[in-house]
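Spelled out, the chains give:
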Amino acid sequence: MLMGKEKACRKCRMVVEEEEKCPNCGESNFTTFWRGYVVIVDPENSEIAKKLGTTRPGKFALRLSR
Ligand SMILES: [Zn+2]
C-alpha cells in the first residue's frame, strides 16, 4: 500500500490525496507526476491564486510532468 500518495488535478492543479473528484473544479483527472507546490491560504488576496484561477484555499502543484 502506498502511503500519502498525493495527486494533482490536471485541470486546476489542486493537490489531494484521497479524493476521487477534485474539490476545487470537480474534475476526476489526476496525475501523480507533479513537482513543487504552493499553499494558498487566502485566495482572494493572493496573486498566485489568481494566476491559477482558484477561489479555494489549498495546496496547488506548480508543475505537472504528464
Ligand atoms: Zn481541479
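Up top is the structure.
The rules behind each value
Residues numbered from 1 in each chain as written. Predicted model: local features only at pLDDT ≥ 70, side-chain atom pairs only at ≥ 80, totals over all residues. Heavy atoms only, no water. Helix = DSSP H or I, 4+ residues; strand = E, 2+ residues; numbered from the N terminus. Rg over C-alpha atoms; globule rule 2.2 N^0.38 Å. Contact = heavy atoms within 4.5 Å. Core = buried A, V, L, I, M, F, W, Y, C linked by side-chain atoms within 4.5 Å. Buried < 20%, exposed > 50% of the residue type's maximum accessible area, 1.4 Å probe, protein only. Donors = N, O, S within 2.8 Å, 3.2 Å for Na, K, Ca; no water. Tetrahedral: all angles 85-135°; square planar, octahedral: opposite > 155°, others 65-115°.

Draft legend 1. Seen up close, the overall build of the protein. Within the protein one finds one helix and five strands. For the protein, the C-alpha radius of gyration of 11 Å lies close to 11 Å, the compact-globule estimate for 66 residues. Overall, the protein is about 40 × 20 × 20 Å in size when its C-alpha atoms are taken along their principal axes. The contacts in the protein between residues at least 6 apart in sequence include a share of 42% that link residues at least 24 apart.

Draft legend 2. Structural view of the nonpolar core. By size, the foremost hydrophobic cluster in this structure holds ten residues: Cys9, Cys12, Met14, Val16, Cys22, Phe30, Val38, Ile40, Ala49 and Phe60. Those residues in contact with Cys12 that sit more than four places away from it in its chain are Cys22, Asn24, Cys25 and Phe60.

Draft legend 3. Spotlight on unusual backbone geometry. Of note, Arg13 is a non-glycine position whose phi angle comes to about 75 degrees, a positive value. Relative to the helices and strands, Arg13 is located in the loop between β1 (7-9) and β2 (15-16).

Draft legend 4. Spatial organisation of the coordination of the zinc ion. Bound to the zinc ion are the protein donor atoms Cys9 (SG), Cys12 (SG), Cys22 (SG) and Cys25 (SG), situated 2.2 to 2.3 Å from the metal. Every donor counted, the four donor atoms about the zinc ion form angles of 101 to 118 degrees at the centre, which fits tetrahedral coordination. Donor residues for the zinc ion sit on one chain with the sequence pattern C-x2-C-x9-C-x2-C. Taken together, the residues Cys9 in strand β1 and Cys22 in the loop between β2 and β3 (30-31) connect sequence positions 13 residues apart.

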